[in-house]
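Understanding the architecture of this molecule
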Amino acid sequence: MNYKKEYKKYLTSSVLDTANNRIASASFISAFAIYLGLSDLALGIYAVLDTMTNVIQVFAAPLFSKIGQSKKIVLINYSIYRISSVSMAFIPFLSSNISIRTALFFVLATIYAITGEMGYITFVNWRMTLIKKEDRTTFAAKRNFLKNTVVLAFSLIMGVVLDKFTTSGYELYGFMILFAIVFLIAFIDITIRIKTYKPEVIQEKISIKDNIIIPAKDPKFRSVLITGGLNRFAYGIGTMYLNVFLLRYLNIGYLYYSILNILVNLSEAFSSKFWGNKLKDRNWSKVILPMCAIFMITFIILLLFNNNQLIYLLPIIYIFIGFGNASYEMYDHIAIYESSKEKLQTSYVTFERFIEGIVTMLLPLLSYTIFKESDNAIKLTFVIAIVSYSILFIYYKFKKIKLGD
């Protein structure tokens, strides 16, 4: 096995995978859902669906400990994952009824989310097993930079294309081009993964019960669960209606929407190296505390300024979001894994995702029972996000957590 060669393959496939995730879920798929006519609540649920389905991961470790993380099975699952997202392109041709469109959208979105969760842990485990510990922060920084560069180029092109097609009355054709690009990236990604070396993963066989109890009772890991849960709730409640807010209530165009996505990805790309350099000693307070402050400022701006003012402040807001995202990605991809017990990393990582999923399930319930469809209701979610990040900041400030020793 040629380490440098396989390192490059893992880097390339990881970049394509994460870039496709950004393209196929966070931005333009939300715009496509608005085009289909989905309600604010449906769009809000979709925005947090991938995190909600993290609960599935509690079954992933026991499953893959029994089947040995078969490369063939993992790649079949990954192929279904990608095909389900591209299949959304057929919805407008199948029905014009909003209820039917919503049902079809969520069937495919749920398949996409579940297969994504089932495959996530195996790819992380293979990558972390192969890549040397001293190379992990460098790998994460490179991946984030390259991923965001790909998304940047794509966003600019698609913003122009969608605006032009919409102006000409052919908005649907613009989205079809979007899905064609998603399919092409996925095809290249899968091809690379087929030819990539799978390291020997030592995974102790574990039951679903032990998969929950062992990490839950580990005092060192408890702070990771609290941090991950609080962050997912705060970020989820603050951003679940953000795309709706921009496109439906601020009525921004696709080109401006694309520019904002470019800014968030540029911000992530250029700040990744900064965060990576701060984490050589694995003192996670150096990223968690600034992240909380950044997101609190972001949601305060969204809350205090009126819609006309926000049109001009959106670039600053999205730069802040990118900076905050990059900081948590370092924690998410390294701290969680390195704070797990040896040979039980799969169990620990999947249980942490399980907790995130449970926490995120509260968001649609909260939305359905409390919020009505309006921009003022959406601003209430910003208030809850500010309070939640304040709690996480206080917890981390006084806990003074240092992981990865």
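Residues numbered from 1 in each chain as written. Predicted model: local features only at pLDDT ≥ 70, side-chain atom pairs only at ≥ 80, totals over all residues. Heavy atoms only, no water.

**Focus: unusual backbone geometry**
Unusually for a residue other than glycine, N251 sits at a positive phi of about 55°. For N251, a relative accessible area of 57% translates into the label exposed. (Buried < 20%, exposed > 50% of the residue type's maximum accessible area, 1.4 Å probe, protein only.)

**Regarding a positive patch on the surface**
On the surface, K4, K8, K132 and K142 cluster together into a patch of positive charge. The residue K8 is located in helix 1 (residues 3-26) in this model. Looking at K8, the relative accessible area reads 59%, which means it is exposed. (Patch = residues over 30% accessible without salt bridge, like charges linked within 9 Å, V, L, I, M, F, W, Y side chains within 5 Å. Areas by Shrake-Rupley, 256 points an atom, 1.4 Å probe, with all protein chains shown as cover. Salt bridge = Lys/Arg side-chain N within 4 Å of Asp/Glu carboxyl O. Lys, Arg positive; Asp, Glu negative; His and termini not counted. Charge placed at Lys NZ, Arg CZ, Asp CG, Glu CD. Helix = DSSP H or I, 4+ residues; strand = E, 2+ residues; numbered from the N terminus.)

**Brief notes about the side chain of D17**
Within the secondary structure, D17 is located in helix 1. Its relative accessible area of 15% is what places D17 among the buried residues. With residues up to four places along the chain from it excluded, the contact list for D17 reads Y78, Y81, R82, D189 and R193. (Contact = heavy atoms within 4.5 Å.)

**What about the nonpolar core?**
If you look at the biggest cluster of nonpolar residues, it comprises 97 residues, and the most contacted ones within it are M88, F105, Y331 and Y389. Per-element tally for this core: the top contributor is helix 15 (residues 307-338), with 13 residues. Dropping the residues within four chain positions of it, Y389 is found in contact with N231, A234, Y235, M291, C292, F295, M296 and F299. Y7, Y112, F123 and L130 belong to the second largest nonpolar core, which has 16 residues in total. (Core = buried A, V, L, I, M, F, W, Y, C linked by side-chain atoms within 4.5 Å.)

**So, helix 13 (residues 254-278)**
With 25 residues, helix 13 should cover 36 Å at 1.5 Å per step; its first-to-last C-alpha distance of 36 Å lies within 8% of that length. If you look at helix 13, its biggest bend is around 35°, right at S271. (Expected span 1.5 Å × (residues − 1). Bend = angle between axes of the 7 residues up to and from the residue.)

**Here we look at a nonpolar patch on the surface**
A cluster of nonpolar side chains, contributed by I76, I80, V107 and I111, occupies part of the molecular surface with about 320 Å² of accessible area. Contributions of two or more residues to the nonpolar patch are made by helix 5 (71-86) and helix 7 (98-130). Summarising the element assignment, I80 is placed in helix 5.

**Observations regarding the packing of aromatic side chains**
In this description, an aromatic ring pair is defined by two values, namely the gap between the centres and the angle between the planes. Taken as a whole and judged by the stated rule, the model has 22 aromatic pairs. When the centroid spacing of 6.4 Å and the interplanar angle of 80° are considered together, the rings of Y395 and Y396 count as edge-to-face. Each member of the pair, Y395 as well as Y396, is classed as buried. Cluster of aromatic residues (ring-pair linked, three or more members): Y235, F245, F295, F299, F382 and Y389. Lying over the aromatic face of Y3, K132 brings its terminal NZ or CZ to 4.6 Å of the ring centre. Above the ring of Y78, the side-chain terminus of R193 is found at 4.7 Å from the ring centroid. (Phe/Tyr/Trp six-rings, centres within 6.5 Å; stacked < 30°, edge-to-face > 60°. Lys NZ or Arg CZ within 6 Å of the ring centre and 35° of its normal.)

**Looking at the environment of P215**
Mapped onto the secondary structure, P215 falls in helix 10 (residues 208-217). Residue classification places P215 among the buried positions, given a relative accessible area of 0%. Each C-alpha atom of the pair P215 and Y348 lies 5.6 Å from the other, and the pair is 133 residues apart in sequence. In contact with P215, not counting residues within four places along its chain, are D210, F221, L225, S347, Y348 and F351.

**Some points on the side chain of T227**
Considering the arrangement of structural elements, one finds T227 in helix 11 (residues 219-239). Judged by relative accessible area, T227 falls into the buried class, the value being 0%. Engagement of the side chain of T227 in a polar contact is seen with the backbone oxygen of S223, the distance being 2.8 Å. (Polar contact = N/O pair within 3.5 Å; in protein donor to acceptor, adjacent residues only side chain to side chain.)

**Observations regarding the layout of surface pockets**
Counted as a void, the second largest pocket has a volume near 170 Å³. In terms of lining, the second largest pocket is formed by eleven residues, of which the most central are T137, T138, A141, K142 and K273. Secondary structure elements with two or more residues in the lining of the second largest pocket: helix 8 (136-167) and helix 13. Counted by class, the lining of the second largest pocket contains four nonpolar, four polar and three charged residues. (1 Å grid on protein atoms, 1.4 Å probe; cavity = no way out; pocket = protein on both sides within 12 Å on 5 of 7 lines; lining within 4 Å. Points joined across faces, edges and corners; volume = space filled by probe spheres on them. Nonpolar A, V, L, I, M, F, W, Y, C, P; charged D, E, K, R; others polar.)

**Here we look at the pattern of salt bridges**
Applying the stated criterion across every chain yields a total of eight salt bridges. Of the charged contacts in the structure, one is a salt bridge between E356 and R232, with a shortest N-O distance of 2.9 Å. A residue pair is termed long-range when its members are at least 10 positions apart, and E356 in helix 16 (residues 345-360) and R232 in helix 11 qualify at 124 residues. On the basis of relative accessibility, which here comes to 1%, the residue E356 falls in the buried class.

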